[in-house]
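Read off the chains here:
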Amino acid sequence: MSFPWAKNYEPQVPLMKWLDEKLPLPRLVYNAIGAGYPVPRNLNYFWNFGVLAGVALVIQIITGIVLAMHYAANADIAFNSVEHIMRDVNAGWFIRYAHMNGASMFFIVVYLHIFRGLYYGSYKAPREMVWLLGVVIFLLMMATGFMGYVLPWGQMSFWGAQVITGFFSAIPVVGDPIRIWLLGGFAPDDATLNRFFSLHYLLPFVIAGVIILHIWALHIPGSSNPTGIEVKDEQDTVPFHPYYTAKDGFGVGVFLLVFVALTFFSPNMLGHADNYIPANSLSTPAHIVPEWYFLPFYAILKAFTFNFLWIDAKLWGVIAMFSSIAVLFFLPWLDSSPVKSSSYRPLNRIFFWILVLDVLLLGWCGMSPAEQPWVILSQLGAIYYFAHFLIILPIISRIERPLPMPNSITEAVLAKHADAPSAATA
Amino acid sequence: MASETEITAGIEDGVRRRDFINIAAVSFAGVGAAAVVLPLVNQMNPSADVLALSSTEIDISSIQPGQAIKTSWRKQPIFVRNLVAKEIAEAKAVPLSDLRDPQTLDERTKPGKENWLITLGVCTHLGCVPLGAGEGENRGPFGGYFCPCHGSAYDTAARIRQGPAPRNLEVPPYEFTSDTVVTIG
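Treat the numbers as computed from the prediction; the structure is a model and nothing was measured.

Calculation criteria
Here the residue index of a chain counts from 1 through its sequence in written order. The order in which chains are written sets their letters, starting at A; the order in which ligands are written sets their numbers, starting at 1. The predicted nature of this model means local features are confined to residues of pLDDT at least 70 and side-chain atom pairs, given and counted, to a pLDDT of 80 or more, with totals for whole chains, interfaces and linings taken over all residues. For side-chain calculations, the full set of non-hydrogen atoms in the structure is used, while hydrogens and water are omitted. Segment limits for the domains were obtained from an automatic or database-derived domain assignment. Any two residues whose heavy atoms approach within 4.5 Å at even a single point are treated as in contact. Buried area is a sum: the accessible area each of two parts loses on coming together, probed at 1.4 Å, counted once for each and added. When a carboxyl oxygen of Asp or Glu is within 4 Å of a side-chain nitrogen of Lys or Arg, the pair counts as a salt bridge. The term polar contact refers here to a pair of N or O atoms within 3.5 Å; inside protein, the definition further demands a hydrogen-donor-capable atom paired with an acceptor-capable atom, and it admits residues adjacent in sequence only when both atoms are side-chain atoms. Here a helix means four or more residues in a row that DSSP labels H or I, a strand means two or more in a row labelled E, and each is numbered from the N terminus. Ten residue types, Ala, Val, Leu, Ile, Met, Phe, Trp, Tyr, Cys and Pro, are classed as nonpolar, four, Asp, Glu, Lys and Arg, as charged, and the remainder, Gly among them, as polar. As used in this record, nonpolar core signifies buried Ala, Val, Leu, Ile, Met, Phe, Trp, Tyr and Cys residues forming a set joined through side-chain atoms within 4.5 Å. Categorising residues by exposure relies on relative accessible area from a 1.4 Å probe, with only protein chains included: less than 20% of the type maximum marks a residue as buried, more than 50% marks it as exposed, and the intermediate range marks it as partly exposed. When the centres of two rings from Phe, Tyr and Trp lie within 6.5 Å, Trp using its six-membered ring, the rings pair. Their planes under 30 degrees apart give stacked, over 60 give edge-to-face, and anything left gives tilted. As a reminder, the over-ring test applies to NZ of lysine and CZ of arginine, requiring each to be within 6 Å of the ring centre and within 35 degrees of the ring normal. Patches were defined on residues exceeding 30% relative accessible area and lacking a salt bridge, with like-charge contacts within 9 Å and nonpolar side-chain contacts (Val, Leu, Ile, Met, Phe, Trp, Tyr) within 5 Å. Computed with the Shrake-Rupley method and a 1.4 Å probe, the accessible areas treat only the protein chains shown as cover for residues. Axis lines are fitted to C-alpha atoms, over the contacting stretch for helices. Their N-to-C directions set the angle, which ranges from 0 to 180 degrees. Orientation is classified from the angle alone, with under 35 degrees giving roughly parallel, over 145 giving roughly antiparallel, 65 to 115 giving roughly perpendicular, and any other angle giving oblique.

A.B. asks: Looking at this structure, I do not really get the domain arrangement of chain A. What am I missing?
C.D. replies: Interfaces are often described in size by the accessible area the parts lose on coming together. All names here are of chain A. Domain annotation of chain A identifies domain 1 (44-225 + 239-280) and domain 2 (289-407). Between the C-alpha centres of domain 1 and domain 2 the distance comes to 23 Å. On the domain 2 side, the residues contacting the 35 residues of domain 1 number 34 residues. Of the roughly 3100 Å² buried between domain 1 and domain 2 on both sides combined, carbon and sulfur atoms contribute 76%. For lysine 124, the salt bridge goes to aspartate 335, with nearest N and O atoms at 3.3 Å. Here domain 1 and domain 2 share eight residue pairs in polar contact (both at pLDDT 80 or more) between them. Listing elements by their share of the side of domain 1 that touches domain 2, those giving two or more residues are helix H5 (92-119), helix H6 (128-150) and helix H7 (155-166). No other element matches the 11 residues that H6 contributes to the side of domain 1 that touches domain 2. Residues that form the side of domain 1 that touches domain 2 fall into these classes: 26 nonpolar, six polar and three charged.

Spelled out as structure tokens, the structure:
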């Protein structure tokens, strides 16, 4: 694995030698994030977000385990048990707010991680498997985030569960029985709440498992880098530790600053006031919105307001929403450009930023009411989203003329700093 | 030492005794696994206590013409509406060809009781509770029910007329047990 010049683990003290023979766990760590893993020397701060996502997951698991010690998954008392955590449990308010906002932080860093992958072509060969596993992690995160949002059993929780499970009723013929099976009743109730709690506790560990596969698949070709050129020799790399442990450490510090600022000063900024109203199965909130991190997909769902061909609007919306994520699975084969990094792809760079704007527009439409002009904007936004992946990307990867590429990572690094006054001569 | 003929015995037709044992063992394990999966899948279905809520009695004597009430059956909202003559006429005036889910008012009510429109209050799009049953609520452009979440509008017979919902509001199974009592379920 990795490169021939990767350092070998050599246990120093007798205890570590003994351990290395019995259970070579320190060797595994050394080869994963120590000097046993040489990494391109030119990674920028966008390469921090994988580690930050890992930190966010650990925070979610720890705060989640603690919350589960106080929370009651029973439709009669779930809402009150959350209020009990907020008011009576020692530091309960802090742990819950950390968990609530930790979910948002997790999605922020994962979105940046995904957009890093899109911009720098990290999904391209030889890292297709890394990308595919990443999309699987993203899907698992969406499922986990959704089920976690249901647990406080507020109005948004309840109606979120009603609407999201309603997607399944769009399936022809068997849709309604499937929905009833998923809910364990005719509407979200005790059975639903209990199974969501069980799965919400389970899935993060599944995510952790897939993350191990994601990192394993990454360590076979080694990390990508901003030039998109593969590592050629030892000069192009530095050992992960101490170089990137230090750089990631700084990133974790910044991440935590943003996280505590959000948690302490504006903990409800990203939530919805309606979720402080206990669930009422007889009255829908005037305006149902999901958490912010699902808004672009929600806009694609809402974009279908009319029947089309022989499929009704409801099924179209659901198909489109699932397809908007499924299309990511095909990305390594939709983009056939031999150049990975958009730094050398002038045309792709422009369309990348248009896609970012399009996703932001869809997010805006997702939180707006189902009225004009939002309906037409989300329709145009949804069309553009799919056009980007299915039409624009395959075409530009064929017609684009990439900029001249450096011969190696080292050459690119030296060229970048050629005209900067060097510290030695100053 | 086993002779050549013993080792290859029975292989001429490409089938060994061992193949039969393999298939039989795997099939047996497969049947066993399926037998275990069945209860694991079935436990997700509604439990007996949830199914036990399947019948509700409603007293409709106090619902005035033009008024509607919201009640619940199987933990889902039920709309009971006492239609006025104008609303019945409006519902009947709509040609079936205009409807996404063609049904006449007669098909959605009981004979001789066509003023009693009893439907689930569950939008057939994604399951929200439409407005229109409460006093002063927005009944939408067709005077029936309106779901603001995704913009589905229903007419006075609770049939879908506009927006993303695919079907009319569902009519639950019900009977008039007397002139003033309806049993749902």
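A.B. asks: For this particular structure, what's the right way to read the nonpolar core?
C.D. replies: Note that soluble globular proteins tend to have their nonpolar side chains buried in a common cluster. Residues and elements named next belong to chain A. Membership of the largest hydrophobic core comes to 125 residues, with the highest contact counts inside it found for Leu118, Trp131, Phe138, Tyr385 and Phe389. A total of 14 residues in this core trace back to one element, the largest contributor, which is H6. Beyond its immediate stretch of four places on either side in the chain, tyrosine 385 contacts Ile300, Ser324, Val327, Leu328, Leu355, Asp358, Val359 and Leu362.

A.B. asks: Any chance you could explain the interface of chain B and chain A here in plain terms?
C.D. replies: In this assembly, 30 residues from chain B lie in contact with 33 residues from chain A. Together chain B and chain A conceal approximately 2600 Å² of surface at their shared face, both sides included; 61% is due to carbon and sulfur atoms. Connecting chain B to chain A are two salt bridges. Among the ionic pairs, B:Arg167 bridges to A:Asp176, the shortest N-O distance being 3.8 Å. Where chain B packs against chain A, one counts seven residue pairs in polar contact (both at pLDDT 80 or more). Listed by contribution, the elements that provide at least two residues to the side of chain B that touches chain A are helix H3 (48-51), strand S2 (68-73) and strand S3 (76-82) of chain B. Looking at which element gives the most residues to the side of chain B that touches chain A, the answer is S2(B), with three residues. Considering only residue class, the side of chain B that touches chain A consists of 13 nonpolar, 12 polar and five charged.

A.B. asks: I'm lost on the packing of aromatic side chains in this one. Help?
C.D. replies: For any pair of aromatic rings, the description rests on two quantities: the centre-to-centre distance and the angle between the ring planes. Taken as a whole, this structure holds 36 aromatic pairs over all chains when the rule is applied. Geometrically, the ring pair formed by A:Phe107 and A:Tyr111 is tilted, given 6.1 Å between the ring centres and 45° between the ring planes. Of this pair, A:Phe107 and A:Tyr111 both sit in helix H5, four residues apart, roughly one helical turn. Considered together, A:Phe107 and A:Tyr111 belong to a single accessibility category, that of buried residues. Ring geometry for A:Tyr119 against A:Phe352: centres 5.0 Å apart, planes inclined by 70°, an arrangement best described as edge-to-face. With a gap of 233 residues between them, A:Tyr119 in helix H5 and A:Phe352 in helix H14 (residues 346-366) connect regions that are remote in the sequence. Look at A:Tyr119 and you get buried, because its relative accessible area is 13%. In this structure an aromatic cluster arises from ring pairing among A:Phe107, A:Tyr111, A:Phe138, A:Trp292, A:Tyr293, A:Phe294 and A:Phe297. Note that B:Arg81 overlies the ring of B:Tyr145, its terminal NZ or CZ placed 5.0 Å from the centroid. Directly above the ring of B:Tyr174 sits B:Lys110, whose terminal nitrogen or CZ lies 4.7 Å from the centroid.

A.B. asks: Just checking my understanding: could you explain a nonpolar patch on the surface for this structure?
C.D. replies: All names here are of chain A. Residues Tyr45, Phe250, Val254, Leu257 and Val258 make up a contiguous nonpolar surface patch of about 500 Å² in total accessible area. Looking at where leucine 257 falls in the secondary structure, it is placed in helix H10 (residues 240-265). The class of leucine 257 is exposed, set by a relative accessible area of 60%.

A.B. asks: Please clarify how the side chain of A:Thr192 should be interpreted in this entry.
C.D. replies: Residues and elements named next belong to chain A. Tracing the chain through its elements places threonine 192 in helix H9 (residues 190-219). Residue threonine 192 is classed as buried on the basis of its relative accessible area, which comes to 0%. A polar contact of 2.6 Å, which involves the side chain of threonine 192, links it to the backbone oxygen of leucine 183. The contact partners of threonine 192, leaving out residues within four places of it in the chain, are Leu183 and Ala187.

A.B. asks: Please explain the packing of H6(A) against H7(A) as it appears in this structure.
C.D. replies: All names here are of chain A. For the pair H6 and H7, the least separation of the axes is 7 Å and the interaxial angle reads 135°. The pairing of H6 with H7 is recorded here as oblique in orientation. Residue-level inspection shows Phe146, Tyr149 and Val150 of H6 in contact with H7, the latter providing Met156, Ser157, Gly160, Ala161 and Ile164. Residue composition of the contact of H6 with H7, by class: six nonpolar, two polar and no charged.

A.B. asks: How should I be thinking about the pattern of salt bridges in this particular structure?
C.D. replies: Close approach of charged atoms allows side chains of opposite charge to pair. Residues and elements named next belong to chain A. Inspection of the entire model under this criterion finds 18 salt bridges over all chains. Across the salt bridge formed by arginine 27 and aspartate 20, the nearest N and O atoms sit 2.8 Å from each other. Residue aspartate 20 is classed as buried on the basis of its relative accessible area of 14%. Residue glutamate 21 is joined to lysine 22 by a salt bridge in which the shortest nitrogen-to-oxygen separation is 3.7 Å. What you see here is one network of salt bridges that share partners, running through Lys124, Asp335, Arg345 and Glu400.

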